[in-house]
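Understanding the architecture of this molecule
Residues per chain are reported as follows:
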Amino acid sequence: MGGAETLYLIHYHEVGLKGRNRGRFENQLIRNIQRSLKGVPTGAVRRISGRILLEPTPDTPDGVVRDRLSGVFGIANFSLAFLVPNEITTIRETAWAVAQNVRFETFKVATRRSHKAFELNSDQINRDVGAHIQSLSGANVRMDGPDFTCYLEVTPDGTFVYGEKIKGPGGLPVGANERALSLISSGIDSPVASYRIMKRGVTLSFVHFHSQPYTNRNSQRNTEELVQTLTRYQYQSRLFLVPLVDIQRHIMQFGAESYRVVLYRRSMLRIAEAIAQQEDAQALVTGDNVGQVASQTLANIRAIEEVTLLPVLRPLAGDNKEEIITQARAIGTYETSIEPYEDCCTVFVPKHPETRADLDRVHALERKMDLQPLIEAALEATEMKRFKR
Ligand code: ATP
Ligand code: MG
């Protein structure tokens, strides 16, 4: 086919809706595509007619490119496409060339035309190209669920022809918005919560609380593995590891066993707030799910959140457990999350935690305690680890 160029054609629906911010989002998306392909031999990335194009080189590994692009937020879908001049004979021939790589008994042609000056409208193109494929293949046209769809996009810069559309993760490109600090455990929920917020363009820093030496290192190792998995989506991450054990021991001296979880969590949030400030993070993220466990009743969520002025994002608040598990599997965190572990809250947890924490009681208990120096010491002893994809 004369003048045909092979390219990855990348679509980004939602980004297109962003009005004045559009240019910034597109630039971020291009940067993220380039970052995701680091170490993979490819040609240039460029933008035309509301699409992004990635040029392969002869040694570009298609499987790797597909895998990388399917993890870039902001991508709605992508395809390996031919770009040909806007001439109906060339479009016809290219469509047939694409069709010859596929086995099918039924097919359709789906045209989108943004180049309004083109001689034929989309319906006429569908009929013209459809008749050509039908006469050469003997296959039948079927509008609903055909074996093969030949996609055509007629733009002022030429026509894209392709036969396969690969789904991207959608969302907004990471780094285009702001930063938040995610409280991550080695459980199922917080990695999924983190993913949801990253998907909205927010860059995350992570904080994990451990109770070493009372907990083995597994929960910390698993958490590190989870942060590594999530770093796929934002290219680099920082994880803060905070020792909570002295605070927990202090709290345990004051009895009130059923209030311990709420009291631990309040201290966790105070520490998280201080780290958020260092990180210039505008919000905290947790995997809280309303009603799931004792610390997640509304009364307890309120008693915990009270200590921070930062907004606490809880993207899983209204989800069912199955929905969370399905997503954990899809993003690759589930297997790590179900490994057995002890975390800071399983070791020092009461048998019957309070489900309706009373704020006056919480305040009275904390007045007897001397938490501030311990919070400062925990911050002082915090370790930071960096992750790269
Ligand atoms: P997960 O599956 O995320 O552990 P969970 O259902 O076990 O959540 P909780 O243990 O009550 O629920 O934790 C609620 C949220 O508090 C977690 O999703 C996480 O955001 C935060 N959190 C709990 N434990 C820790 C920890 N050790 N370090 C950091 N954050 C934590
Ligand atoms: Mg947990």
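Quick caveat, the model's predicted, so the values are computed rather than measured.

Side note on the overall build of the chain
- Looking only at helices and strands, one finds 15 helices and 15 strands in the chain.
- In terms of principal-axis extent, the alpha carbons of the chain reach across some 85 × 35 × 35 Å.
- Counting the 389 residues in the chain, one finds 51% classified as buried.
- The long-range fraction of contacts in the chain, counting pairs at least 24 apart against all pairs at least 6 apart in sequence, stands at 81%.

Looking at the site of ligand 1
- Not every one of the 20 residues close to ligand 1 is listed here, only the nearest: Leu183, Ser185, Asp189, Ser190 and Gln292.
- Contact distances for ligand 1 include 3.2 Å between an oxygen atom and a side-chain N or O atom of arginine 265.
- Surface burial for ligand 1 is 91%, taken as the share of its 570 Å² of free accessible area covered by protein chains.
- Broken down by secondary-structure element, the contributors of at least two residues to the shell around ligand 1 are α6 (189-198), β11 (203-210) and α9 (260-279).
- Residue composition of the shell around ligand 1, grouped by class: eight nonpolar, nine polar and three charged.

A look at the sheet that holds strand β14 (residues 312-313)
- Spatially, the six strands line up as an open sheet ordered β14-β13-β10-β11-β12-β15, and their pairing is mixed. Sheet topology places β14 and β15 (383-388) at the edges, where each strand pairs with a single neighbour.
- In this structure, strand β12 (residues 236-243) lies alongside β15, joined through six bridges in antiparallel fashion. Counted as the bridge partner of serine 237 is phenylalanine 387 from β15.
- Running over the sheet, α6 touches β10 (179-183), β11, β13 (284-285) and β14 and is turned about 165° from β11.

A closer look at the domain arrangement of the chain
- Annotation of the chain at the domain level lists domain 1 (5-167) and domain 2 (179-388).
- A C-alpha centroid distance of 43 Å is found between domain 1 and domain 2.
- On the side of domain 2, nine residues touch domain 1, which itself brings nine residues to the contact.
- When the two sides are added together, the surface that domain 1 and domain 2 hide from each other amounts to roughly 760 Å², 53% of it contributed by carbon and sulfur.
- Summed over the shared surface of domain 1 and domain 2, the number is one salt bridge.
- A total of three residues in the side of domain 1 that touches domain 2 trace back to one element, the largest contributor, which is helix α2 (residues 22-36).
- Tallied by class, residues from the side of domain 1 that touches domain 2 come to two nonpolar, four polar and three charged.

Concerning the pattern of salt bridges
- The final tally for this structure, using the stated rule, is 20 salt bridges.
- Between aspartate 67 and arginine 232 there is a salt bridge; the shortest N-O distance is 3.5 Å. Of the two residues, aspartate 67 is situated in helix α3 (residues 62-69) and arginine 232 in the loop between α7 (218-231) and β12; the sequence distance between them amounts to 165 residues.
- Between arginine 266 and glutamate 306 there is a salt bridge, with the nearest N and O atoms lying 2.7 Å from each other. Note that arginine 266 is positioned in helix α9 and glutamate 306 in the loop between α10 (298-305) and β14, a separation of 40 residues in sequence.
- Judged by its relative accessible area of 3%, arginine 266 is buried.

Points about unusual backbone geometry
- The omega angle of the peptide bond from glutamine 212 to proline 213 is 5°, so this bond is cis rather than trans.
- Mapped onto the elements, proline 213 comes out in the loop between β11 and α7.
- You will see that tyrosine 235, though not glycine, has its phi angle at about 75°, which is positive.
- Examined against the element boundaries, tyrosine 235 turns out to sit in the loop between α7 and β12.

Observations regarding the packing of helix α8 (residues 245-252) against α9
- Relative to each other, α8 and α9 sit at 145°, their axes nearing to 10 Å. Considering only the axes of α8 and α9, their crossing is right-handed. Contacts between α8 and α9 involve Ile247, Gln248, Ile251 and Met252 from the first element and Arg260, Leu263, Tyr264, Ser267 and Ile271 from the second.
- In terms of residue class, the contact of α8 with α9 is built from six nonpolar, two polar and one charged.

With respect to the environment of alanine 131
- Mapped onto the secondary structure, alanine 131 falls in helix α5 (residues 122-137).
- On a C-alpha basis, the gap between alanine 131 and glycine 43 in space is 36 Å, while along the polypeptide they are 88 residues apart.

Side note on α6
- Where burial is concerned, most of α6 is hidden: nine out of the 10 residues are buried.
- Asp189, Ser190, Pro191, Val192, Ala193, Ser194, Tyr195, Ile197 and Met198 are the residues of α6 that are buried.

Concerning the pairing of strand β8 (residues 158-162)
- The buried fraction of β8 is high, at five of five residues.
- The pairing of strand β4 (residues 77-84) with β8 spans three bridges and is antiparallel. In the strand pairing of β8, phenylalanine 82 is matched with valine 161.
- Across five bridges, the pairing between strand β7 (residues 148-155) and β8 is antiparallel. Looking across to β8, one finds that valine 154 is bridged to threonine 159.
- Between β7 and β8, which pair antiparallel and follow one another directly, the connecting turn spans two residues.

Quick notes on the nonpolar core
- Counting 35 residues, the largest nonpolar core has Leu181, Val207, Phe209, Ile247, Ile271 and Leu284 as its most contacted members.
- Elements supplying a minimum of two residues to this core: β10, β11, β12, α8, α9, α10, α14 (359-368) and α15 (371-380).
- Beyond its immediate chain neighbours, meaning those up to four positions away, leucine 181 contacts Ser205, Phe206, Val207, Ala272, Ile275, Ala276, Ala281, Ala283, Leu284 and Val285.
- If you look at the next biggest cluster of nonpolar residues, it comprises 27 residues, including Ala180, Ile188, Leu226 and Ala328.

Rules used throughout
- Residues numbered from 1 in each chain as written.
- Chains lettered and ligands numbered in written order.
- Predicted model: local features only at pLDDT ≥ 70, side-chain atom pairs only at ≥ 80, totals over all residues.
- Heavy atoms only, no water.
- Helix = DSSP H or I, 4+ residues; strand = E, 2+ residues; numbered from the N terminus.
- Buried < 20%, exposed > 50% of the residue type's maximum accessible area, 1.4 Å probe, protein only.
- Contact = heavy atoms within 4.5 Å.
- Near = heavy atom within 4 Å.
- Polar contact = N/O pair within 3.5 Å; in protein donor to acceptor, adjacent residues only side chain to side chain.
- Areas by Shrake-Rupley, 256 points an atom, 1.4 Å probe, with all protein chains shown as cover.
- Nonpolar A, V, L, I, M, F, W, Y, C, P; charged D, E, K, R; others polar.
- Pairing = 2+ DSSP bridges.
- Axes fitted to C-alpha atoms, helices over the stretch in contact; angles between N-to-C directions.
- Domains from an automatic or database assignment.
- Buried area = accessible area lost by both parts, 1.4 Å probe.
- Salt bridge = Lys/Arg side-chain N within 4 Å of Asp/Glu carboxyl O.
- Left-handed = near helix turned anticlockwise from the far one by under 90°.
- Core = buried A, V, L, I, M, F, W, Y, C linked by side-chain atoms within 4.5 Å.

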